[in-house]
Amino acid sequence: MGNRFESKVALVTGGAKGIGRTTAEAFSAEGASVVIADIDTEAGQALAETLPRATFVRTDVASMTDAERAVRTAVETYGGLDILFSNAGIVMYSLIEHVTEAHYEREMGVNFKGHVWMCKYAVPAMRQRGGGAIVCTSSVQALATQTSVAIYAASKAATLALVKAIAQDHAHENIRVNAILPASVDTPMLRNAARSFDPNDVEGVVARWGKMHPIGRVIRPQDVANLVLFLCSDEASALTGGAYLVDGGLMAKLPVVLPE
Ligand SMILES: NC(=O)c1ccc[n+]([C@@H]2O[C@H](COP(=O)([O-])OP(=O)(O)OC[C@H]3O[C@@H](n4cnc5c(N)ncnc54)[C@H](O)[C@@H]3O)[C@@H](O)[C@H]2O)c1
């Protein structure tokens, strides 16, 4: 366990479960004070109680006022904000002809607007500290998609453009902004999806999805946390405006099988 983030304050959205939870734990293990911002109060509070310096703030990232409160909580509780892992996201399956206004507003609200509001408030707080690092969670689905995820894919692609633009605007202030693009990660989101396809064989579905990745398995939340911590560390001081795959080789693969 290193101490790369001693004296740093990290805010993690979607930090109560899945990728966000593992990353919040990893920041904490390396010395950071952590603000867990999530819509799930029970899981978020329970996690905060297990970490040495952590606070939970109930946050719906689609809400501008909630985002402002999350950043203010970091500043008021720990004296500032150095790191934002803007990670909260949802997936809603639908063909385009069945997408309702409520579906569109919610999925874009959480997956895209959430990054907008979190960055809007994080940037001025980071400026006060002389710089900072932001990582936004996109997805491989920004580049190539499965079926029935039109709005999800669009929200993740929009995130890439947002990250590049904010990175340009704030590089001179020592605020770095990057995106990560995970493939299938073993989290409650993935297991819920697997359950909806085959409630009797969730393990089998996850294993089959894993086999589609050249490394032969799905991505672990810790694999993603490792990348996020690197991108937020001083070792990554030259990296901004980038998009980093954590996909076990999936995007390098064409579905071509040579005859035996
Ligand atoms: N799991 C995957 O296979 C995968 C692949 C690529 C990208 N992603 C992305 O990674 C991110 C995290 O996904 P995960 O798999 O850990 O999901 P998860 O569902 O396991 O956890 C997501 C967390 O976000 C919280 N959340 C949901 N809506 C929120 C809101 N409006 N405001 C604040 N918090 C909210 C949930 O309560 C939960 O704690 C998402 O952006 C997702 O799109 C996941």
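The rules behind these values
- Residues numbered from 1 in each chain as written.
- Predicted model: local features only at pLDDT ≥ 70, side-chain atom pairs only at ≥ 80, totals over all residues.
- Near = placed C-beta within 6 Å.
- Helix = DSSP H or I, 4+ residues; strand = E, 2+ residues; numbered from the N terminus.
- Nonpolar A, V, L, I, M, F, W, Y, C, P; charged D, E, K, R; others polar.
- Domains from an automatic or database assignment.
- Pairing = 2+ DSSP bridges.
- Axes fitted to C-alpha atoms, helices over the stretch in contact; angles between N-to-C directions.
- Contact = placed C-beta atoms within 7 Å.
- Core = buried A, V, L, I, M, F, W, Y, C linked by C-beta atoms within 7 Å.
- Buried ≥ 20, exposed ≤ 12 C-beta atoms within 10 Å, placed from the backbone.
- Expected span 1.5 Å × (residues − 1).
- Parallel < 35°, antiparallel > 145°, perpendicular 65-115°, else oblique.
- Left-handed = near helix turned anticlockwise from the far one by under 90°.

Enquirer: So what exactly am I meant to see when it comes to the site of the ligand here?
Expert: Of all residues adjacent to the ligand, which total 28 residues, the nearest are Gly 14, Gly 18, Gly 89, Thr 187 and Met 189. Every element with two or more residues in the shell around the ligand is listed here: α1 (18-29) and α6 (188-197). Of the residues belonging to the shell around the ligand, the class tally is 13 nonpolar, 11 polar and four charged. Looking at which domains feed residues into the shell around the ligand, each of domain 1 (9-183 + 220-245) and domain 2 (184-218) supplies at least three.

Enquirer: I keep staring at the environment of Thr 65 and nothing clicks. Help me out?
Expert: Topologically, Thr 65 is positioned in helix α3 (residues 64-78). Separated by 52 residues in sequence, Thr 65 and Trp 117 place their C-alpha atoms 8.6 Å apart.

Enquirer: Any chance you could explain the sheet that holds strand β3 (residues 54-58) here in plain terms?
Expert: Neighbouring strands of a sheet are bound in pairs by backbone hydrogen bonds; such pairs are parallel or else antiparallel. Across the sheet, seven strands lie side by side as β3-β2-β1-β4-β5-β6-β7; this open sheet has parallel pairing. At either end of the open sheet lies a strand with only one pairing partner, and these are β3 and β7 (243-246). Along the sheet, successive strands turn relative to each other by an average axial angle of 20°, direction set aside. Sheet topology places strand β1 (residues 9-13) next to strand β4 (residues 83-86); three bridges connect them, and they run parallel. Bridge pairing links Ala 10 to Ile 83 in β4. Strand contacts of α3: β1, β2 (33-38) and β3, with the helix running at about 155° to β2, the strand carrying the most contacts.

Enquirer: I would appreciate a short explanation of the nonpolar core in the present structure.
Expert: Ala 10, Leu 11, Ile 36, Ala 122 and Val 228 are the most contacted members of the largest nonpolar core, which totals 72 residues. Counting residues per element, this core draws most heavily on helix α4 (residues 101-128), at eight residues. When residues of this core are assigned to domains, at least three map to each of domain 1 (9-183 + 220-245) and domain 2 (184-218).

Enquirer: Help me understand the environment of Ala 165, please; the structure alone is not making it clear to me.
Expert: Summarising the element assignment, Ala 165 is placed in helix α5 (residues 150-170). Considered as a pair, Ala 165 and Val 177 are 12 residues apart in the sequence and their alpha carbons are 9.1 Å apart.

Enquirer: Teacher, can you tell me more about α1 here?
Expert: Under the 1.5 Å per step criterion, the end-to-end length of α1 is 17 Å for 12 residues, consistent within 8% with the ideal 16 Å. With 11 of 12 residues buried, α1 is to be regarded as a mostly interior element. Inspection of α1 places Gly 18, Ile 19, Gly 20, Arg 21, Thr 22, Thr 23, Ala 24, Glu 25, Ala 26, Phe 27 and Ser 28 among the buried residues, and these make up the whole buried set. Looking at the residues trailing α1, positive phi occurs at Gly 31, about 100°.

Enquirer: What is the right way to read the packing of α6 against helix α7 (residues 202-212) from this model?
Expert: How two helices pack is summed up by the angle between their axes together with the distance between the axes. Viewed as axis vectors pointing N to C, α6 and α7 meet at an angle of 110°, and their least axial separation amounts to 8 Å. Classed by the angle they form, the pair α6 and α7 counts as roughly perpendicular. Taken as a pair, α6 and α7 cross one another with a handedness that is right-handed. In contact with Leu 190, Arg 191, Ala 194, Arg 195 and Phe 197 of α6, α7 contributes Val 202, Val 205 and Val 206.

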